[in-house]
Amino acid sequence: MKSKTILLLLSLLFIFCFSIAVFGKDTGKSEMILGGGSKGNIAFPHGSHQQTITDCTSCHNLFPQETGSIDKLKNEGGIKKKQVMKQCQKCHREMKRAGEKTGPTKCSGCHDKSLTR
Ligand code: HEC
Ligand code: HEC
Ligand code: HEC
């Protein structure tokens, strides 16, 4: 009886720690507006991408998980202008070619001059 109680408590502790490790992580905003220069800004659904893509590094390989990190790196010359954009388009194009549901590949599908941030 006693060892069963200990086992139960240990399991609960494990589930608790596991939940923090998995769900307690900062995943950032679900919706955001990215700066797109002269073509207009971009409404970017961060949350839905995290659900369909799951691998954070498919975007965060180029910039850290911090608000404004893309603009900061572009200003400092750490990444080139449109470098992030090319990565976004690459995935959308490849999935489109494979016949899968994906995001826009045309300029106007992402850029919208009426979007302010
Ligand atoms: C499809 C691309 C993409 C994927 C995949 C992605 N992110 Fe992001 N993430 C972004 C962009 C774009 C920004 C905004 C950067 C900026 O403001 O310059 C961002 C910003 C963030 C921020 C900063 C807070 C905020 O709200 O601005 C956090 C934290 C973050 N991401 C966490 C994650 C985690 C954790 C994952 C994986 C579960 C993930 N991201 C997957 C594109 C992505
Ligand atoms: C999948 C979405 C997407 C598509 C499609 C897209 N863009 Fe972008 N664009 C972005 C994002 C995100 C940024 C900001 C990050 C960066 O500069 O890489 C951006 C940035 C830009 C910038 C600003 C660069 C700077 O820093 O001055 C210009 C100009 C631009 N895009 C033009 C275009 C043109 C022209 C097309 C069509 C041929 C196009 N974009 C298609 C997402 C997209
Ligand atoms: C690894 C693949 C991948 C990358 C990288 C990626 N996307 Fe997407 N994107 C998707 C998929 C899949 C969808 C459609 C399903 C969904 O909404 O999650 C999508 C949908 C979208 C949509 C349409 C949302 C809607 O409501 O119609 C926009 C806008 C978009 N992506 C912008 C971006 C921008 C901007 C980036 C780069 C910062 C980016 N995506 C990077 C796979 C990707």
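The notes below deal with the structure included here. Treat the numbers as computed from the prediction; the structure is a model and nothing was measured.

Taken together, the neighbourhood of ligand 3 is formed by 17 residues, with His49, Thr52, Cys88, Cys91 and His92 sitting nearest. The contact in question runs from a nitrogen atom of ligand 3 to an N or O atom on the side chain of histidine 49, over 2.8 Å. In this structure, threonine 52 approaches ligand 3 through a side-chain N or O atom, which is 3.1 Å from an oxygen atom. Contributions of two or more residues to the shell around ligand 3 are made by strand S2 (41-45), helix H2 (46-53) and helix H5 (83-97).

The protein atoms that coordinate the iron atom of ligand 1 are His46 (NE2) and His60 (NE2), at distances spanning 2.0 to 2.1 Å. Around the iron atom of ligand 1, the six donor atoms sit at angles spanning 86 to 179°, and that spread fits a shape best called octahedral. Placement of the pair is histidine 46 in helix H2 and histidine 60 in helix H3 (residues 57-60), with a sequence separation of 14 residues.

Now for the coordination of the iron atom of ligand 3. Every protein donor of the iron atom of ligand 3 is listed here as His49 (NE2) and His92 (NE2), and their distances to the metal cover 2.0 Å. Look at histidine 49 and you get partly exposed, because its relative accessible area is 21%. The exposure class assigned to histidine 92 is buried, which follows from its relative accessible area of 10%.

Spanning 15 residues, H5 covers 21 Å between terminal C-alpha atoms, matching the ideal 21 Å at 1.5 Å per step. Here H5 has its buried residues at Val84, Gln89 and His92. Burial along H5 is one-sided: seen end-on, the buried residues are contained in an arc of 130°. When the buried face of H5 is taken as reference, the exposed residues oriented beyond 90 degrees from it are Lys86, Lys90 and Arg97. Contact partners of the buried residues in H5: H2 and helix H4 (69-76). At the C-terminal side of H5, glycine 99 shows a positive phi close to 75°.

The rules behind these values
Residues numbered from 1 in each chain as written. Chains lettered and ligands numbered in written order. Predicted model: local features only at pLDDT ≥ 70, side-chain atom pairs only at ≥ 80, totals over all residues. Heavy atoms only, no water. Near = heavy atom within 4 Å. Polar contact = N/O pair within 3.5 Å; in protein donor to acceptor, adjacent residues only side chain to side chain. Helix = DSSP H or I, 4+ residues; strand = E, 2+ residues; numbered from the N terminus. Donors = N, O, S within 2.8 Å, 3.2 Å for Na, K, Ca; no water. Tetrahedral: all angles 85-135°; square planar, octahedral: opposite > 155°, others 65-115°. Buried < 20%, exposed > 50% of the residue type's maximum accessible area, 1.4 Å probe, protein only. Expected span 1.5 Å × (residues − 1). Arc of directions from axis to C-beta. Contact = heavy atoms within 4.5 Å.

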